[in-house]
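# Summary of the model geometry
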Amino acid sequence: SYIYSTKIIISILLFSLFFGVFEFIRGSILTRFPCNLISFSFSNSIYFIQIISIIGTYSFNLICITLFTLPAVFVLKKSKKNIVFVSGFILVTISFVIFGIYQIKEFNVLPSLKNAYSIKAISSNISLDRFYIEKNEQEIIDELIALSAPEKDKPTLFIWPEGIITDSDLEDIHVYKDLFINNFSEDDLVVMGLNSSKVINNKNLIFNSMAIFNNRLELIHKYDKVNLVPFGEFVPFENILSKIGFKTITNAYQSYSSGKVRKPFNLKNDKIDVNLLPLICYEIIYSGKFSKEKNYDYIINISEDGWFGSSIGPKQHFAHSIFRSIESGKYIIRSANNGISAVINPIGIAEKKIEFKKTGNIELIESKQLKSTIFMMYGNLIFVALFLVIIAVLFISIRSTVENLNFSSKQLEKAKSDYEYVFAKAELLSITAISKSSNKEEIESFIDNLLPESISDLVIVEKDSSLIVSFKTNNLKESISISDEIAFKLGRELNNISYSKNEQDSITKLVFN
């Protein structure tokens, strides 16, 4: 039925909405781990996912949930209305692909702009043992320098992975000054992940930092990681949980402290002038939470993916980078230890890539500029808007369904009333009707029960094949009325009616065949 089909569509939309909102809350508020969304199953469908440059990952995820739920429509009820709903939704998804084809085509015809410098992302496979046992730190630095392959006459911004230096912190790294001067030129800059510390209110705070140095290991800029990994980098309610043995995975001394704000910064020397947005490790997984400031050229993401081991984790981490590049319309330059390093362009295609467990460097020399995406301008407000639109559609649909149910209920009540009326009439007829084969006594008793008390002297005579009924009434009008009722109830053909009147009574005589 129409109402049942509508209820199925409403149920599917409610399920998708609940699931999509739950995923948003899970990733943004509750666990702060927005991993494994349904939408990431399309990370290789590059045309289909271009729509996230407009609606973002969470809105796209809600649509994907609905898409995967659609087969239930045909299992529950295959109706014309449901087929129209499914067909319309499929047309929407096809429009996403068409938009993706157009978006990629437009990007491919953009001119490439060559920089006066290069950016190199280093991919290494240095063991996590360095966090737990003493390692020769200089050997690690020598390996990273070798992978960087610096060229003296080529200004380069080198990007090393997260937390790659474990023994020396920001304040101690200067001990390797000569090593850097001998290998890097004056125009080179090096981005590396290492710890930094600061004393605030007589308490020593430790930060997971991204630091940028020149070849003399002079600090140019520092960014402290804002989004820390629960139990990996900090212990929630540490004052309580530390007493029962809880501690962070990445260090055994105390939780990292969170940086205050993430914003783009400018790196500038005689040869390099670039605006960068820094992201450390899993900060890349947050949709719509990069920075309120949009004026930057590239996103740089440094990561230590060794914590995932040989699982699918490094690939999932990399998939997030694809989504963030499309959402932001920016190049992402990713340097990972024990992971996947890549240069990902604004349409989510890895232009250069070093696969998992491989080492080397990838270089960005030229790039294309894309206008700021709609999602970058409005962020997850678009998800909120989509949520409100679906709520409005559901409200209208539910209200319409309730009205239809009320209308159907009224129709049912009317039909019930009509049935009861007809049934009562039929029952009355069955009680008051009498067969033609009935004898004189039965007929007399039957007619006598019909007559009001004012009627008297009922006489019934059977003569030949005729039945003669006579009775007295007070007036002619009453005689006519009673005659009609008797003729109707007997179901016989009335052959003759005669009326006569004396001083007191009106006498009626009916002759039936």
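Structural notes, computed from the coordinates. Predicted, not measured: the structure shown is a model, and the values here were computed from it. Position numbers for residues count from 1 along each chain, tracking the sequence in the order it is written. Reporting of local features is limited, given that this is a predicted model, to residues whose pLDDT is at least 70; pairs of side-chain atoms are given and counted only at 80 or more, and all residues count toward the totals for whole chains, interfaces and linings. To get the side-chain values, all heavy atoms of the structure are used, and hydrogens and water are removed first.

On to the pattern of salt bridges. For this document, the term salt bridge refers to a Lys or Arg side-chain nitrogen within 4 Å of an Asp or Glu carboxyl oxygen. Scanning the model with the defined rule gives 10 salt bridges in all. Residue Arg26 pairs with Glu23 through a salt bridge whose shortest N-O separation is 2.7 Å. A residue pair is termed a helical-turn pair when its members lie 3 or 4 positions apart in one helix, as Arg26 and Glu23 do in helix H1 (residues 2–30) at three residues. Throughout this description, buried means an accessible area under 20% of the type-specific maximum (1.4 Å probe, protein chains only), exposed means over 50%, and partly exposed covers the range between. Of the residues examined, Glu23 reaches a relative accessible area of 5% and is grouped as buried. Starting at the N terminus, helices and strands are each numbered in turn, a helix being any DSSP run of H or I of at least four residues and a strand any DSSP run of E of at least two.

We now examine the packing of aromatic side chains. Both the distance between ring centres and the angle between the ring planes are used here to describe each pair of aromatic rings. Centres within 6.5 Å make a pair out of two Phe, Tyr or Trp rings, where for Trp the six-membered ring is used; the pair is then stacked when the planes are under 30 degrees apart, edge-to-face when over 60, and tilted otherwise. In total, this model carries 17 aromatic pairs according to the counting rule given. Judged by centre distance (5.5 Å) and plane angle (75 degrees), the ring pair of Tyr282 and Tyr286 falls under edge-to-face. The buried category is assigned to Tyr282, whose relative accessible area is 5%. A relative accessible area of 3% places Tyr286 in the buried class. On the numbers, 6.1 Å between centres and 75 degrees between planes, the contact of Tyr298 with Tyr331 is edge-to-face. Of this pair, Tyr298 sits in strand E8 (residues 298–304) while Tyr331 sits in strand E9 (residues 331–337), and the two are 33 residues apart along the sequence. This pair shows no difference in class: Tyr298 is buried, exactly as Tyr331 is. By the ring-pair criterion, three or more aromatic residues cluster together here, those being Phe42, Phe48, Phe60, Phe68 and Phe96.

As a further point, take the side chain of Ser185. On the secondary structure map, Ser185 appears in the loop between helix H6 (177–183) and strand E3 (189–200). Any two residues whose heavy atoms approach within 4.5 Å at even a single point are treated as in contact. Beyond its immediate sequence surroundings of up to four residues, Ser185 is in contact with Lys152 and Asn215.

Right, let's talk about the environment of Phe85 for a bit. Within the fold, Phe85 resides in helix H4 (residues 80–108). Sequence separation of Phe85 and Thr6 is 79 residues, and the distance between their C-alpha atoms is 9.8 Å. Those residues in contact with Phe85 that lie beyond four places of it in its chain are Ile9, Leu13 and Leu70.

Strand pairing is assigned whenever DSSP detects at least two bridges linking the two strands. Read from one edge of the open sheet, six strands run E6-E7-E8-E9-E10-E11, paired in mixed fashion. Strands at the two margins of the open sheet, each flanked by one partner only, are strand E6 (265–268) and strand E11 (350–354). Looking at each pair of strands side by side, their axes are set apart by 20 degrees on average, direction ignored. Here strand E7 (residues 273–280) runs beside E8; their pairing, made up of five bridges, is parallel. Only the contacting stretch of a helix is used when fitting its axis, a line to C-alpha atoms as for every element, and angles between N-to-C directions run 0 to 180 degrees.

It is worth spelling out the nonpolar core at this point. Core analysis: the biggest nonpolar cluster contains 82 residues, and Ile49, Phe60, Ile119, Leu267, Leu276, Tyr298 and Ile333 have the highest contact counts within it. Those residues within four positions of Ile119 in sequence are excluded, and the remaining contacts are Leu157, Ile159, Tyr298, Ile333, Ile362, Glu363 and Leu364. To define a nonpolar core, start from buried Ala, Val, Leu, Ile, Met, Phe, Trp, Tyr and Cys residues and group those joined through side-chain atoms within 4.5 Å. In terms of nonpolar packing, the next biggest core, distinct from the first, is built from 23 residues, Ile140, Tyr176, Leu179 and Phe180 among them.

Within the open sheet, the four strands sit side by side as E13-E14-E16-E15. Their pairing is antiparallel. Either end of the sheet is taken by a strand with one partner, and the two such strands are strand E13 (456–463) and strand E15 (494–501). The mean angle between the axes of side-by-side strands here comes to 15 degrees, regardless of whether they run parallel or antiparallel. Of the strand pairs in this sheet, E13 and strand E14 (residues 466–473) are connected by six bridges, and their pairing is antiparallel.

Turning our attention to the packing of helix H11 (residues 440–450) against helix H12 (residues 476–490). Running from amino to carboxyl end, H11 crosses H12 at an angle of 135 degrees, the nearest separation of the two axes being 11 Å. One finds that H11 runs oblique with respect to H12. Our pair here, H11 against H12, has a crossing hand that is right-handed. Judged by residue contacts, Ile443, Phe446, Ile447 and Leu450 of H11 engage Glu485, Ile486, Lys489 and Leu490 from H12. Charged means Asp, Glu, Lys or Arg here, nonpolar means Ala, Val, Leu, Ile, Met, Phe, Trp, Tyr, Cys or Pro, and polar covers whatever is left, Gly included. Along the lines of polarity and charge, the residues of the contact of H11 with H12 split into six nonpolar, no polar and two charged. By definition in this entry, angles of less than 35 degrees are roughly parallel, angles greater than 145 are roughly antiparallel, angles of 65 to 115 are roughly perpendicular, and the rest are oblique. Crossing chirality is assigned from the near helix's rotation relative to the far helix, an anticlockwise turn below a right angle marking it left-handed and a clockwise turn marking it right-handed.

Okay, a negative patch on the surface next. Where like charges cluster on the molecular surface, the negative patch consists of Glu441, Glu442, Glu444, Asp448 and Glu462. Per-element accounting of the negative patch gives the leading share, four residues, to H11. Tracing the backbone through its elements, the reader meets Asp448 in helix H11. To count toward a patch, a residue needs a relative accessible area over 30% and no salt bridge; like charges are then connected within 9 Å, while nonpolar side chains (Val, Leu, Ile, Met, Phe, Trp, Tyr) are connected within 5 Å. Note on areas: Shrake-Rupley, 1.4 Å probe, and residue coverage restricted to the protein chains presented here. In this count, Lys and Arg are taken as positive residues and Asp and Glu as negative ones, while His and the chain termini are left out. Note that the charge is assigned to NZ on lysines, CZ on arginines, CG on aspartates and CD on glutamates.

Turning our eyes to something else, we now look at helix H5 (residues 137–148). Spanning 12 residues, H5 covers 17 Å between terminal C-alpha atoms, matching the ideal 16 Å at 1.5 Å per step. Listing the buried residues of H5 in full gives Glu137, Ile140, Ile141, Leu144, Ile145, Leu147 and Ser148. Buried positions in H5, seen along its axis, are confined to an arc of 160 degrees and lie on one side of it. Every exposed residue of H5 that faces more than 90 degrees away from the buried side is listed here: Glu139 and Ala146. An expected span of 1.5 Å times one less than the residue number is assigned to each helix. The arc in question is the one traced by the directions running from the helix axis out to the C-beta atoms.

Structurally, Asn361 can be placed in strand E12 (residues 360–367). What makes Asn361 partly exposed here is its relative accessible area of 29%. Taking the C-alpha atoms as reference points, Asn361 and Ile119, 242 residues apart in sequence, are found 9.9 Å from one another.

The next thing to look at is the pairing of E14. In terms of burial, E14 is largely enclosed, as six of its eight residues are buried. Hairpin connection of E13 to E14: two residues between the antiparallel strands, including Asp464 at a positive phi of 55 degrees. The pairing of E14 with strand E16 (residues 506–512) spans seven bridges and is classified as antiparallel. For Ile468, the partnering residue across the bridge sits in E16 and is Val511.

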